[in-house]
Amino acid sequence: MQIRISWPAGNITATLDGGTPTAQALAEALPLASTARTWGEEVYFDTGVSVSRETDARQVVEPGTVAFWTEGDALALPYGPTPISRGRECRLASPCNILGSLDGDAGLLATVRAGDPIRVELVEE
């Protein structure tokens, strides 16, 4: 399953594992519009989707991971260190459900500004 995430300065696609309960819940909510928030080198935003933490949830992830922060009903898109990272790692606020990864350069997310409108939609095959 592929999604497109768009903001005023650009867009990026991501490939998700459509077999997870969180990915299925997100797909059913698309398209969605939200407002970007930033936390260090992470972009996150509310989805209006509420799901439980999955058993394989992780807090430290690779740059470009598409994660779902269950405590904030938000997609979390880290592209570098956050305020609680140790070194250059991507450490999320708490363990998040892992949905997939961004296609291409996650560093594009550096052009997202807090308050930017964000749109997420399914990419039709």
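Details of the structure are given in the entry above.
Residues numbered from 1 in each chain as written. Predicted model: local features only at pLDDT ≥ 70, side-chain atom pairs only at ≥ 80, totals over all residues. Heavy atoms only, no water.

A.B. asks: Help me understand the environment of asparagine 11, please; the structure alone is not making it clear to me.
C.D. replies: Positionally, asparagine 11 belongs in strand S2 (residues 10–16). A residue is classified by how much of its surface remains accessible, and asparagine 11, at 42% relative accessible area, is partly exposed. Once the C-alpha coordinates of asparagine 11 and leucine 108 are considered, the two residues, 97 residues apart in sequence, prove to be 8.0 Å apart. With residues up to four places along the chain from it excluded, the contact list for asparagine 11 reads Arg4, Ile5, Ser6 and Leu108. (Helix = DSSP H or I, 4+ residues; strand = E, 2+ residues; numbered from the N terminus. Buried < 20%, exposed > 50% of the residue type's maximum accessible area, 1.4 Å probe, protein only. Contact = heavy atoms within 4.5 Å.)

A.B. asks: Would you take a moment to explain unusual backbone geometry for this structure?
C.D. replies: Trans is the prevailing form of peptide bonds, just as negative phi is the prevailing case for residues other than glycine. Following leucine 30, the chain continues to proline 31 via a peptide bond in cis, the omega torsion being 0 degrees. Mapped onto the secondary structure, proline 31 falls in the loop between helix H1 (21–29) and strand S3 (32–35). Backbone geometry places aspartate 73, a non-glycine residue, at a positive phi of 50 degrees. Mapped onto the elements of the fold, aspartate 73 is located in the loop between strand S7 (65–69) and strand S8 (74–78).

A.B. asks: Looking at this model, I keep getting lost on the packing of aromatic side chains. Mind explaining?
C.D. replies: The geometry of an aromatic ring pair comes down to the distance between the two centres and the angle between the two planes. Inspection of every chain in the model, using the stated rule, returns 1 aromatic pair. Centroid distance tyrosine 44 to tryptophan 69: 6.0 Å. Interplanar angle 90 degrees. Geometry classified as edge-to-face. Taken together, the residues span a long stretch of sequence, with tyrosine 44 in strand S5 (residues 42–46) and tryptophan 69 in strand S7 at a distance of 25 residues. Classification of tyrosine 44 as buried rests on a relative accessible area of 15%. Overall, the relative accessible area of 22% leaves tryptophan 69 in the partly exposed class. (Phe/Tyr/Trp six-rings, centres within 6.5 Å; stacked < 30°, edge-to-face > 60°.)

A.B. asks: What is the right way to read the nonpolar core from this model?
C.D. replies: Generally speaking, soluble globular proteins have nonpolar side chains that are buried together. Ile5, Phe45 and Leu102 are the most contacted members of the largest nonpolar core, which has 27 residues in total. Secondary structure elements with two or more residues in this core: strand S1 (2–7), S2, H1, S5, S7, S8, strand S9 (90–102) and strand S10 (117–122). Aside from chain neighbours lying at most four places away, what touches leucine 102 is Ile5, Ile12, Thr13, Ala14, Gly64, Val66, Leu77 and Leu109. (Core = buried A, V, L, I, M, F, W, Y, C linked by side-chain atoms within 4.5 Å.)

A.B. asks: What is the right way to look at the pattern of salt bridges in this model?
C.D. replies: As enumerated under the stated definition, the model contains 3 salt bridges in all. Salt-bridge contacts for arginine 53 lead to glutamate 71; the nearest nitrogen and oxygen are separated by 3.0 Å. Residue arginine 53 is located in the loop between S5 and strand S6 (58–61), and its partner glutamate 71 is located in the loop between S7 and S8; the two are separated by 18 residues in the primary sequence. Residue classification places arginine 53 among the partly exposed positions, given a relative accessible area of 41%. Among the ionic pairs, glutamate 89 bridges to arginine 91, the shortest N-O distance being 2.7 Å. By relative accessible area, arginine 91 is classed as buried at 13%. (Salt bridge = Lys/Arg side-chain N within 4 Å of Asp/Glu carboxyl O.)

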